[in-house]
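Read off the chains here:
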Amino acid sequence: MSHSRASSSAAFVDAARVDALLAPIVPDTEDRAFVVRCILGEGPTHHRGANYVLLMLLGQLAPDLSAADVDALRARGTLPVPIKVPPHLERPQSLMAYPLGLPTGPLDALAPAGSQDQAAMVDCLNDGPPQHALANAAMMWLIGAAIARRDKP
Amino acid sequence: MTDLPPGLDQALSAVAGELGMASSSWVFVRAVARCSGDEAVAKLAEEVGPEFVVLEAIARAWLAGEHEPKTDTAKVIEAIGKATRVVVVGLEVAWLDRLLDKLPASVKIALVTHSGFPVDWERVLDNYAGRVERVDLDTFQHWAGGKSALLTFAYGRAEDARAAVLPLWLRACGADVRAQFRSLVAWNVLPSPLDLYPRRLVEVDADETFTHFV
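Residues numbered from 1 in each chain as written. Chains lettered and ligands numbered in written order. Predicted model: local features only at pLDDT ≥ 70, side-chain atom pairs only at ≥ 80, totals over all residues. Heavy atoms only, no water.

## Remarks on the packing of aromatic side chains
Residue and element names in this part refer to chain B. To be explicit about the condition: To pair, rings of Phe, Tyr and Trp, with the six-membered ring standing in for Trp, must have centres within 6.5 Å; the planes then decide the type, stacked if under 30 degrees apart, edge-to-face if over 60, and tilted in the middle. The helix and strand labels rest on DSSP assignments: H or I over at least four residues marks a helix, E over at least two residues marks a strand, and numbering proceeds from the N terminus. Only protein chains enter the accessibility calculation, which uses a 1.4 Å probe; a residue whose area is less than 20% of its type maximum is buried, one above 50% is exposed, and one in between is partly exposed. Think of it as a cone above the ring: NZ of Lys or CZ of Arg counts as a charge over the ring if it is within 6 Å of the ring centre and within 35 degrees of the ring normal.
With the rule as written, the count across this model stands at seven aromatic pairs over all chains. Between Phe-52 and Phe-117, the ring centres sit 6.3 Å apart and the planes meet at 15°, which makes this aromatic pair stacked. Of this pair, Phe-52 sits in the loop between α3 (38-48) and α4 (53-63) while Phe-117 sits in the loop between β2 (108-112) and α7 (121-126), and the two are 65 residues apart along the sequence. A relative accessible area of 3% places Phe-52 in the buried class. Using a relative accessible area of 12% as the deciding quantity, one classes Phe-117 as buried. The ring of Phe-213 has Arg-157 lying over it, and the distance from NZ or CZ to the ring centre is 4.9 Å. For the cation-ring pair, Arg-200 lies above Phe-52, with the distance from its terminal atom to the ring centre recorded as 4.5 Å.

Structure (structure tokens):
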């Protein structure tokens with residue numbers, strides 16, 4: 001299937017805005033540049049554009065994300081987003097992971113922590129090419145922060 | 001009119017693989033200038049240049065008054081940033097040697113041992129006394145990671161951002177690899193863009209291809 005017409009352009013993507021959005025989650029500028037490039041600068045154009053749209057809209061649900069928001073979510077658990085290389089090229093005892101982890105706390109609302117179902121959800125979120133897995137992780141941070149604010153007494 | 005010794009193109013082919021095209025060109029341009037003067041450098045550019053466009057560019061720079069390669073490492077070290085592993089794609093010893101002098105020993109270095117010229121890689125790597133590890137196109141992804149950088153050498157950059165690089169870069173840095181290394185760095189070794197068709201090289205859009213072009 002061809003992806004033509006309007007989806008062939010993602011000129012609206014403003015990487016600086018996503019970089020700013022993710023700054024509380026990935027404070028190191030070099031680490032964040034890597035993550036943002038993988039989400040918005042690699043892969044098919046329609047994925048880049050969709051990632052941008054969804055992240056910016058989710059960012060509106062959790063405006064002014066703070067380090068405290070991130071720390072609270074991180075305290076509930078994170079799992080690495082692996083850098084996928086062919087299996088024979090993986091480094092034993094050295095996790096090849098992106099500098100953005102996947103927060104697992106928000107999944108507790110769907111399946112108990114440690115359950116097979118939650119593990120399967122993590123697999124689904126982490127699977128696929130990096131522009132999917134990293135965008136999923138970034139969205140989970142924003143969704144988690146938004147839910148936490150909603151539930152705050 | 002100065003006559004150049006015959007076989008310079010063959011001699012250049014013999015050393016370009018183990019020194020790099022720009023590094024070996026500087027050796028040849030300096031030697032010709034020292035022995036026979038600038039007129040001979042111009043003739044070298046004219047006779048050997050079409051076959052070795054990098055030499056032509058360096059001879060042209062020499063005649064314009066540039067008598068040393070620009071090997072300052074500050075910008076490339078800044079581009080490498082906090083990476084703890086650097087995989088070098090392509091070889092330019094004049095630049096790589098300077099970089100190794102400046103990089104902390106904690107930064108691991110690997111070289112993709114592949115060239116369009118004949119190379120005795122054991123001899124090349126012996127010069128680095130274990131500081132540089134050998135990888136090839138099938139294994140360099142073993143070095144991938146969130147603190148890993150890919151570094152190659154570029155041979156000039158035009159105003160429209162076209163830059164000439166080794167075809168090896170395209171073989172190494174596919175869509176999969178781009179997301180496996182945090183930084184994709186090009187270190188420009190020529191003072192000006194190539195004038196001639198980039199034989200032995202390939203043009204890429206530097207802005208699209210690299211995270212850092214220095």
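Moving on from the model shown.
## What about the nonpolar core?
Threshold: The criterion is simple. A nonpolar core is a set of buried Ala, Val, Leu, Ile, Met, Phe, Trp, Tyr and Cys residues joined through side-chain atoms within 4.5 Å. Boundary definitions for the domains trace back to an automatic or database domain assignment. Any two residues having at least one pair of non-hydrogen atoms within 4.5 Å are treated as being in contact.
Of all hydrophobic cores here, the largest spans 124 residues; its most connected members are Leu-150 and Tyr-155 of chain B. Here this core takes 11 residues from helix α6 (residues 130-151) of chain A, the largest share from any one element. Looking at which domains feed residues into this core, each of domain 1 (8-63) and domain 2 (74-213) of chain B supplies at least three. Setting aside residues up to four positions removed in sequence, Leu-150 of chain B forms contacts with Val-87, Val-89, Phe-140, Trp-169, Cys-173, Val-177, Phe-181, Ser-183, Leu-184 and Val-185 of chain B.

## Notes on the environment of Asp-14 of chain A
Residue and element names in this part refer to chain A. By the element assignment, Asp-14 lies in the segment before α1 (15-22). Classification of Asp-14 by relative accessible area gives partly exposed; the value is 33%. It is 8.8 Å that separates the C-alpha atoms of Asp-14 and Leu-40, two residues lying 26 residues apart in sequence.

## Some remarks on the packing of helix α2 (residues 21-36) of chain B against α3 of chain B
Geometry of a packed helix pair, given as the angle between the helix axes and the separation of the axes. All names here are of chain B. Note the threshold: Lines fitted to the C-alpha atoms define the axes, with helices restricted to the stretch that makes contact. Angles between their N-to-C directions range from 0 to 180 degrees. In these notes the angle categories are as follows: under 35 degrees is roughly parallel, over 145 is roughly antiparallel, 65 to 115 is roughly perpendicular, and the rest is oblique. Crossings are classed by handedness, with left-handed meaning an anticlockwise turn of the near helix from the far one by less than a right angle and right-handed meaning a clockwise turn. In the scheme used here, Gly and all other residues not listed as nonpolar or charged are polar, with Ala, Val, Leu, Ile, Met, Phe, Trp, Tyr, Cys and Pro taken as nonpolar and Asp, Glu, Lys and Arg as charged.
One way to put it is that α2 packs onto α3 with a least axis distance of 7 Å and a crossing angle of 140°. What the angle tells us is that α2 and α3 run oblique. Where α2 crosses over α3, the handedness of that crossing is right-handed. Between α2 and α3, the contacting residues are Phe-28, Val-29, Val-32, Ala-33 and Ser-36 on the first element and Asp-38, Ala-40, Val-41 and Leu-44 on the second. Residues belonging to the contact of α2 with α3 are distributed by class as follows: seven nonpolar, one polar and one charged.

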